[in-house]
Amino acid sequence: MVVGAALVRDGRVLAARRTRPASAAGRWELPGGAVESGEDEAAALARELREELALADVAVGDRVGPEVTLSEGRVLRIRACRADGEPTALEHDALRWVGPDDLDDLDWLDADRAVLPALAAFLDGGAR
């Protein structure tokens, strides 16, 4: 399983631009990664946000959007998150806070693009 963070602040979500692999470089994603053995989704997201964005205090909330089927039988689940502090791009070359009306302006990875309608509705619903 792969988990992604809909890290929300002031009605906007954090998007991160990939640097690798070459096929994904320059495209945008919601930060996150694979759930490791012995981890649940919340623990995995907290670890990934620490590793990718140097965020220590992460609160993981409910799922946002559909479960997306990935290759090799894996699935992607997006969870709403909040964190204190300012994210730092440790594994990406750019970060951007994006509002619901600007989500379609980015070149998202296909799996993340599949959750954009639900993410826009979530952001429009007053996520702060």
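The coordinates are above.
So, a few notes on the structure that sits alongside this text. All figures in this text were calculated on a predicted structure; none of them were measured in a lab.

### Brief notes about the pattern of salt bridges
Oppositely charged side chains can form a pair if their charged atoms are brought close together.
Moving on, step 1. The full count for this structure, using the stated rule, is twelve salt bridges.
Moving on, step 2. Put simply, Glu36, Glu39, Arg47, Glu48 and Glu51 are held in one network by salt bridges that share partners.

### What about the nonpolar core?
Moving on, step 1. One finds Val13, Leu30, Ile78, Leu103, Trp108 and Leu119 to be the most contacted residues of the largest nonpolar core, which totals 23 residues.
Moving on, step 2. Where this core is concerned, the elements lending two or more residues are strand E1 (2-9), strand E2 (12-17), strand E7 (75-83), strand E8 (94-98) and helix H3 (116-124).
Moving on, step 3. By residue number, the principal contributor to this core is H3, which donates four residues.
Moving on, step 4. Other than its neighbours up to four places away in sequence, Leu30 contacts Ala5, Val13, Leu14, Ile78, Trp108, Asp112, Val115 and Leu119.
Moving on, step 5. Residues Ala46, Leu55, Val58 and Trp97 belong to the second largest nonpolar core, which totals 14 residues.

### Topic: helix H1 (residues 41-53)
Moving on, step 1. Between the first and last C-alpha of H1 there are 17 Å, a value that for 13 residues agrees with the 18 Å anticipated at 1.5 Å per step.
Moving on, step 2. Within the span of H1, buried status applies to Glu41, Ala44, Leu45, Ala46, Arg47, Glu48, Leu49, Glu52 and Leu53.
Moving on, step 3. At its buried positions, H1 is contacted by E1, E2, strand E4 (32-34), strand E5 (58-63), E7 and E8.
Moving on, step 4. Capping of H1 at its N-terminal end is provided by Asp40; its side-chain oxygen lies 3.2 Å from the backbone amide nitrogen of Ala42.
Moving on, step 5. Just past H1, the residue Ala54 takes up positive phi, approximately 60 degrees.

Calculation rules
Residues numbered from 1 in each chain as written. Predicted model: local features only at pLDDT ≥ 70, side-chain atom pairs only at ≥ 80, totals over all residues. Heavy atoms only, no water. Salt bridge = Lys/Arg side-chain N within 4 Å of Asp/Glu carboxyl O. Core = buried A, V, L, I, M, F, W, Y, C linked by side-chain atoms within 4.5 Å. Buried < 20%, exposed > 50% of the residue type's maximum accessible area, 1.4 Å probe, protein only. Helix = DSSP H or I, 4+ residues; strand = E, 2+ residues; numbered from the N terminus. Contact = heavy atoms within 4.5 Å. Expected span 1.5 Å × (residues − 1). Polar contact = N/O pair within 3.5 Å; in protein donor to acceptor, adjacent residues only side chain to side chain.

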